[in-house]
Amino acid sequence: MAAAVGLALYACPLSCRAQTEPEPSINNYLPPSEPEVSRDEWRQRIEDARRRAKGVARERREHPELYKPAPEDPDLVATERLLRDDSLQRGDIVATKKGMFVYQGRSDQPRRDQDFVPVNPKSVR
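As the structure is a prediction and not an experimental result, all values here were calculated from the model.

*Asks:* Explanation requested: a nonpolar patch on the surface in the structure shown.
*Replies:* Taken together, the side chains of I93, M100 and V119 define a hydrophobic patch exposed on the protein surface, amounting to about 260 Å² of accessible area. Position of M100 relative to the elements: it lies in strand 2 (residues 99-103).

*Asks:* Honestly, the pattern of salt bridges in this entry has me stumped. Any pointers?
*Replies:* Side chains carrying opposite charge are able to pair once their charged atoms draw close together. The full count for this structure, using the stated rule, is four salt bridges. R106 is the salt-bridge partner of D108, the closest N and O atoms lying 2.8 Å from each other. Using a relative accessible area of 55% as the deciding quantity, one classes D108 as exposed. Among the ionic pairs, R112 bridges to D115, the shortest N-O distance being 3.2 Å. D115 gets classed as buried once you look at its relative accessible area, which sits at 8%.

Definitions and limits used
- Residues numbered from 1 in each chain as written.
- Predicted model: local features only at pLDDT ≥ 70, side-chain atom pairs only at ≥ 80, totals over all residues.
- Heavy atoms only, no water.
- Patch = residues over 30% accessible without salt bridge, like charges linked within 9 Å, V, L, I, M, F, W, Y side chains within 5 Å.
- Areas by Shrake-Rupley, 256 points an atom, 1.4 Å probe, with all protein chains shown as cover.
- Salt bridge = Lys/Arg side-chain N within 4 Å of Asp/Glu carboxyl O.
- Helix = DSSP H or I, 4+ residues; strand = E, 2+ residues; numbered from the N terminus.
- Buried < 20%, exposed > 50% of the residue type's maximum accessible area, 1.4 Å probe, protein only.

Encoded structure:
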């Protein structure tokens, strides 16, 4: 019996509070300077957005070649990765398709292409 009374007291404030709180309106989501839009204006906005989305989808289907991602140049990707590598220290050697390079830059300055000096191995006779 006590459990039933406790349950009733626990559930009542939640349901009573929910009934007394006003429902949010569109004004809760608009900046204060903008007036509330009418239901018809809101529906028109939604319809316009749907029409634009369908147009974009149709364009993508008709001309997929315009929306293909540009292929990444592996050499450019590798160069960018080297320039962003925070673990490089002066004297480190990196190997690339163009040869081996010694990093001569400083850790307190941004990396530049000029910080990588080619390694010229001595010829063996």
